[in-house]
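# Coordinate inspection notes
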Amino acid sequence: MSRAFVKDTEDVEGLPDRPISDLPNDVTAEGLRRIEQALAVAEAAQAAAQSAGDRAALASARRDFRYWNARRATARVAPEPSDNSVVRFGHTVTIVREDDRRQTFRIVGEDEAEPAHGTISHGSPLARALFGKGVGDVVAIAGGEAEIVEIR
């Protein structure tokens, strides 16, 4: 095989670290469990890659391990909100947009956010627009407006 199609091991060794946000690493209890699971997966992948002598997989697993280890070290579990008068981290919020679309999101940590599954990061523009607002408040989002109809 031509050397043009073979990865240099030096390229593999120098994988850049995954970027880590400057935002506080607030997480839900579930988010912390997910970080710990990801850390365990990365640790297992690292051991498997080392056993197999797979330098590319080892470099990738080490990068993931460093990322999840840093996220675990800085994670701050936010208490479940007990007061539903205004939107806070951990709340599930239902909004109605100008076109009558009703959407419900839970505000969670960055690593646990999956908008397609109804969770958004506390650092997202939508979450920032909702924080501190109550039921009946109208917020400007995505070039339009939405009314908060439920906070739980």
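Whatever comes next refers back to the structure up there.
First, a word on what this report is: a plain description of the structure on this page. Computed from a predicted structure; not experimentally measured.

### Here's the deal with the overall build of the chain
Scanning the chain from N- to C-terminus turns up four helices and seven strands. Secondary structure of the chain in N-to-C order comes out as α-β-α-α-β-β-β-β-α-β-β. By principal-axis analysis of the C-alpha atoms, the chain measures approximately 65 × 35 × 25 Å. Classification of the 152 residues of the chain by burial places 35% in the buried group. Sequence-distant contacts, at least 24 apart, represent 55% of the contacts inside the chain between residues at least 6 apart. Accessible area of the chain: about 9100 Å², with a carbon and sulfur share of 50%. Computing the positive centroid from 20 side-chain charges and the negative centroid from 25, the chain places the two 2 Å apart.

### Focus: the sheet that holds strand β5 (residues 119-121)
Strand order in the open sheet formed by five strands is β5-β4-β3-β7-β6, and the pairing between neighbours is mixed. The two strands at the open ends of the sheet, each matched to only one other strand, are β5 and β6 (138-141). Mean inter-strand twist for the sheet, computed between neighbouring axes without regard to direction, equals 45 degrees. With three bridges connecting them, strand β4 (residues 102-108) and β5 associate as parallel partners. Pairing of R106 across the sheet is with T119, part of β5.

### Remarks on the packing of aromatic side chains
The final tally for this structure, using the stated rule, is one aromatic pair. Relative to W68, the ring of Y67 lies with its centre 4.8 Å away and its plane at 85 degrees, an arrangement referred to as edge-to-face. The same class applies to Y67 as to W68, namely buried. For the cation-ring pair, R18 lies above Y67, with the distance from its terminal atom to the ring centre recorded as 3.9 Å.

### Considering the pattern of salt bridges
Once the charged atoms of two side chains with opposite charge are near each other, the side chains can pair. Under the defined criterion, the tally for this structure stands at 12 salt bridges. Residue D17 is joined to R66 by a salt bridge in which the shortest nitrogen-to-oxygen separation is 2.7 Å. Separated by 49 residues along the polypeptide, D17 in the loop between α1 (9-13) and β1 (26-27) and R66 in helix α3 (residues 55-74) bring together distant segments of the chain. Taking the shortest distance from any N to any O, the salt bridge between D83 and R88 comes out at 3.7 Å. Put simply, R71, E110 and D111 are held in one network by salt bridges that share partners.

### Re α3
Think of an α-helix as 3.6 residues a turn; residues three or four steps apart then line up on the same face. The end-to-end C-alpha separation of α3 is 29 Å, in line with the 28 Å expected for 20 residues at 1.5 Å each. Burial in α3 covers these residues: L58, A59, A61, Y67, W68 and R71. Residue D54 occupies the N-cap position of α3, its side-chain oxygen lying 3.2 Å from the main-chain nitrogen of A56.

### Observations concerning the environment of L130
Relative to the helices and strands, L130 resides in helix α4 (residues 125-130). By relative accessible area, L130 is classed as buried at 1%. Along the chain, L130 and I141 lie 11 residues apart, while their C-alpha atoms are 9.2 Å from each other. With near-sequence residues (within four places) excluded, L130 lies in contact with V87, V93, I95, V139 and I148.

Conventions we followed
- Residues numbered from 1 in each chain as written.
- Predicted model: local features only at pLDDT ≥ 70, side-chain atom pairs only at ≥ 80, totals over all residues.
- Heavy atoms only, no water.
- Helix = DSSP H or I, 4+ residues; strand = E, 2+ residues; numbered from the N terminus.
- Buried < 20%, exposed > 50% of the residue type's maximum accessible area, 1.4 Å probe, protein only.
- Contact = heavy atoms within 4.5 Å.
- Areas by Shrake-Rupley, 256 points an atom, 1.4 Å probe, with all protein chains shown as cover.
- Lys, Arg positive; Asp, Glu negative; His and termini not counted.
- Charge placed at Lys NZ, Arg CZ, Asp CG, Glu CD.
- Pairing = 2+ DSSP bridges.
- Axes fitted to C-alpha atoms, helices over the stretch in contact; angles between N-to-C directions.
- Phe/Tyr/Trp six-rings, centres within 6.5 Å; stacked < 30°, edge-to-face > 60°.
- Lys NZ or Arg CZ within 6 Å of the ring centre and 35° of its normal.
- Salt bridge = Lys/Arg side-chain N within 4 Å of Asp/Glu carboxyl O.
- Expected span 1.5 Å × (residues − 1).
- Polar contact = N/O pair within 3.5 Å; in protein donor to acceptor, adjacent residues only side chain to side chain.

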